[in-house]
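For reference, the chains in residue letters:
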Amino acid sequence: MDVRSLRYALTLAEELHFGRAARAHFIAAQAFGRRIQELEHELGTRLFDRTSRRVSLTEAGERFLPRARRALAELDALMEVAEGDRAEPVLRIGVLGYGLADRWPVTRSVLAGCRPDLELTYVELDWANQYDAVRAGEVDVAIVHDVGGHDDLFVETVMETGRYAVVPADSELAEAGHLTGTDVWERPWVAPIGQPGLAEWTAGPAARNRVEVRSPTHIPIAVATTGCLGLHGEPAARFFPHPGVRYLPLADGPRATVAVASRKRDRRETVAAFRNAVRASTAVERLTRETAPS
């Protein structure tokens, strides 16, 4: 049974309002409602009665959710014990999209120098779970697309990159050197979904989205398949090449922000070591940029 869905159900039982419960987890109401429905389907019974005006617990929900709350409390306690008693040091890193992009090699090298005993494992994230995977302890640290809504986490900006339009290779836009909002806003767009803050990042094209994607890795595939336009950070042109698309600089709108996220209460040395390695790779990148011949 999915632990995150149980947490969503407990929040809904407290709020008795889908919109407020979804905002508490910083995800879109549609994605939140879908997870509740999947949980009920798995259980074979409804936990909530819904009408257009109110949400209430069913009898099954009254019986099930208190037990779920106790089970999650025990799970959280077990996680804390496990984090303190791991025989082999392992760091689980959640990665959204291209993650640290060109900074991965330096980050791994620095980390290996200071913690040669540390084993790294990687978990692919999407926009819907990039914060919740950290909250739930599914990963120790995550490289995320910072779109806000994470006051309960320790989130540190790593880099900001320019926005690039992802256009079909057979589009008349494909030969342009760069694009502006005037060039593209009236066209159908691929919609990144999963968190409310994505709407601000997509800005202009958000109102005209036609195709939904849940992960940055899916954007070039969706563009090539549907003929819609997509939006990405600049490193995607190198890390997600696709013969059916072209990446073009987009002059308007906020830059893409990449950040490192971990739980505020997590004081483990392994997490601190990873953060320090990322800072070191950022310093190396900055020095390289500043000393490069103009």
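The structure this text deals with has already been given above.
If you're wondering where the values come from, they're calculated on a predicted model, not measured in any experiment.

Asks: Which residues make up the sheet that holds strand β6 (residues 153-161), and what values go with them?
Replies: If you walk across this open sheet you meet the five strands as β4-β3-β5-β12-β6, and the pairing is mixed. Across the chains shown, the open sheet's two edge strands, defined by having one partner strand only, are β4 (119-125) and β6. Across the sheet, the mean angle separating the axes of adjacent strands is 20° when strand polarity is ignored. Relative to strand β12 (residues 256-263), β6 runs antiparallel, the two being bridged by eight bridges. Across the sheet, V155 pairs through a bridge with A261, a residue of β12. Relative to the sheet, helix α5 (residues 104-114) contacts β3 (90-96), β4 and β5 (141-145), its axis offset from that of β4 by approximately 145°.

Asks: Pulling in residues and values, what's your account of helix α9 (residues 219-226)?
Replies: When α9 is considered as a whole, its buried residues turn out to be I219, P220, A222 and V223. Seen end-on, α9 carries its buried residues on one side only, within an arc spanning 160°.

Asks: Lay out the side chain of S281 with the relevant residues and their values.
Replies: The topology assignment puts S281 in helix α11 (residues 269-291). Separated by 2.7 Å, the side chain of S281 and the backbone oxygen of V278 make a polar contact. In this structure, S281 is in contact with R103, V106 and T107, ignoring residues within four places of it in sequence.

Asks: Give me the pattern of salt bridges: which residues, what numbers.
Replies: Inspection of every chain in the model, using the stated rule, returns 19 salt bridges. A salt bridge links R50 to E40; its shortest N-O distance comes to 2.9 Å. Linking R50 in strand β1 (residues 48-50) with E40 in helix α3 (residues 29-43), this pair joins segments that are ten residues apart in sequence. Among the residues examined, E40 registers a relative accessible area of 7% and is labelled buried. In this structure, R268 and D140 form a salt bridge, with 2.9 Å as the shortest nitrogen-oxygen distance. Highlighted residues: R268 in the loop between β12 and α11 and D140 in the loop between α6 (132-135) and β5, separated in sequence by 128 residues. R268 gets classed as buried once you look at its relative accessible area, which sits at 15%. Overall, the relative accessible area of 0% leaves D140 in the buried class. Counted as one network, the salt bridges with shared partners bring together R92, D140, R263, D266 and R268.

The rules behind these values
Residues numbered from 1 in each chain as written. Predicted model: local features only at pLDDT ≥ 70, side-chain atom pairs only at ≥ 80, totals over all residues. Heavy atoms only, no water. Pairing = 2+ DSSP bridges. Helix = DSSP H or I, 4+ residues; strand = E, 2+ residues; numbered from the N terminus. Axes fitted to C-alpha atoms, helices over the stretch in contact; angles between N-to-C directions. Contact = heavy atoms within 4.5 Å. Buried < 20%, exposed > 50% of the residue type's maximum accessible area, 1.4 Å probe, protein only. Arc of directions from axis to C-beta. Polar contact = N/O pair within 3.5 Å; in protein donor to acceptor, adjacent residues only side chain to side chain. Salt bridge = Lys/Arg side-chain N within 4 Å of Asp/Glu carboxyl O.

Keep in mind that these numbers describe shape and distance, not what the molecule does.
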